[in-house]
Amino acid sequence: DTAVSQTPKYLVTQMGNDKSIKCEQNLGHDTMYWYKQDSKKFLKIMFSYNNKELIINETVPNRFSPKSPDKAHLNLHINSLELGDSAVYFCASSQGVTGVISYEQYFGPGTRLTVT
Amino acid sequence: GESVGLHLPTLSVQEGDNSIINCAYSNSASDYFIWYKQESGKGPQFIIDIRSNMDKRQGQRVTVLLNKTVKHLSLQIAATQPGDSAVYFCAEKRAAGNKLTFGGGTRVLVKP
């Protein structure tokens, strides 16, 4: 069973388009995240949701909008895609924010977004 | 500003030797540290973690050492194997919240 899954794995699109990436976790975790990994492998957090509430919102263009329909899902919608959005996007989940045994984050397999 | 960084971007190791990956952090308020391994085309995978009230923790073939005095974290891999070839990341968490700040990564190449 895949703990954290993302779709699609690859996404190739043109500038100006709008696209979505979906993420699901079956670990029963309360907290989910979106990360962006650039070509130099630098991993940077974008958003985090805890029980469907936004708790981390880094300096990200407002073309990026996360949506959490329930605590097992966190989707990322990107409007008006730009060349600089090309990267690998990772979803992750963890037990929660406080009072947990571990702060380990479980990562999905990633979505490679290429904007042409 | 805060940062989590690595001294060596690429580490070449002979198969069977021990590997040491170093990480420096600057935020003395960090209370939790974690190491991840990322193989090509995959997501980061948990290796080991350590809380700030400890200075050493051992796992299977891996040991994490934490020196809070000099804000230094290291990951030791014993008897490095070809399957250990990957990019390794350290990350820190501040006492408040759950946000992990990742370092820049070290690529480990295991030579047969």
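The structure this text deals with has already been given above.
Computed from a predicted structure; not experimentally measured. (Residues numbered from 1 in each chain as written. Chains lettered and ligands numbered in written order. Predicted model: local features only at pLDDT ≥ 70, side-chain atom pairs only at ≥ 80, totals over all residues. Heavy atoms only, no water.)

S.K.: If you had to explain the state of the cysteines to someone new, which residues and values would you point to?
M.R.: For the structure on display, the rule yields two disulfides over all chains. One disulfide bridge connects Cys23(A) with Cys91(A), the sulfur atoms lying 1.9 Å from each other. Residues Cys23(A) and Cys91(A) are joined by a disulfide whose S-S torsion is about -75°; by sign, that bridge is left-handed. Separated by 68 residues along the polypeptide, Cys23(A) in strand β3 (residues 19-25) and Cys91(A) in strand β9 (residues 87-94) bring together distant segments of the chain. Each member of the pair, Cys23(A) as well as Cys91(A), is classed as buried. There is a disulfide in this structure between Cys23(B) and Cys90(B), and the S-S distance comes to 1.8 Å. Taking the torsion about the S-S bond as the criterion, the Cys23(B) to Cys90(B) disulfide, at about 45°, is right-handed. (Disulfide = S-S within 2.5 Å. Helix = DSSP H or I, 4+ residues; strand = E, 2+ residues; numbered from the N terminus. Buried < 20%, exposed > 50% of the residue type's maximum accessible area, 1.4 Å probe, protein only.)

S.K.: So, the sheet that holds strand β1 (residues 4-7) of chain A: which residues are in play, and what are the values?
M.R.: All names here are of chain A. Across the sheet, which stays open at both edges, the four strands sit in the order β1-β3-β8-β7 with antiparallel pairing between neighbours. Each end of this open sheet is capped by a strand with a single partner; those strands are β1 and β7 (64-70). Adjacent strand axes in the sheet meet at a mean angle of 20°, parallel and antiparallel pairs treated alike. Sheet topology places β1 next to β3; four bridges connect them, and they run antiparallel. Across the sheet, Ser5 pairs through a bridge with Glu24, a residue of β3. (Pairing = 2+ DSSP bridges. Axes fitted to C-alpha atoms, helices over the stretch in contact; angles between N-to-C directions.)

S.K.: Tell me what's going on with the packing of aromatic side chains, and back it up with residues and numbers.
M.R.: This structure, assessed with the given rule, holds 11 aromatic pairs over all chains. A centroid spacing of 6.3 Å and a plane angle of 35° characterise the contact between Phe64(A) and Tyr89(A), whose relative ring orientation is tilted. Linking Phe64(A) in strand β7 with Tyr89(A) in strand β9, this pair joins segments that are 25 residues apart in sequence. Of the two residues examined, Phe64(A) and Tyr89(A), each falls in the buried class. Following the ring pairs from residue to residue traces out a cluster consisting of Tyr33(A), Tyr35(A), Phe90(A), Phe107(A), Tyr36(B), Phe89(B) and Phe102(B). In this structure, Lys9(A) packs its charged tip against the face of Tyr10(A), placed 5.9 Å from the ring centre. The cationic tip of Lys93(B) hangs over the ring face of Tyr103(A); the distance from NZ or CZ to the ring centre is 4.3 Å. (Phe/Tyr/Trp six-rings, centres within 6.5 Å; stacked < 30°, edge-to-face > 60°. Lys NZ or Arg CZ within 6 Å of the ring centre and 35° of its normal.)

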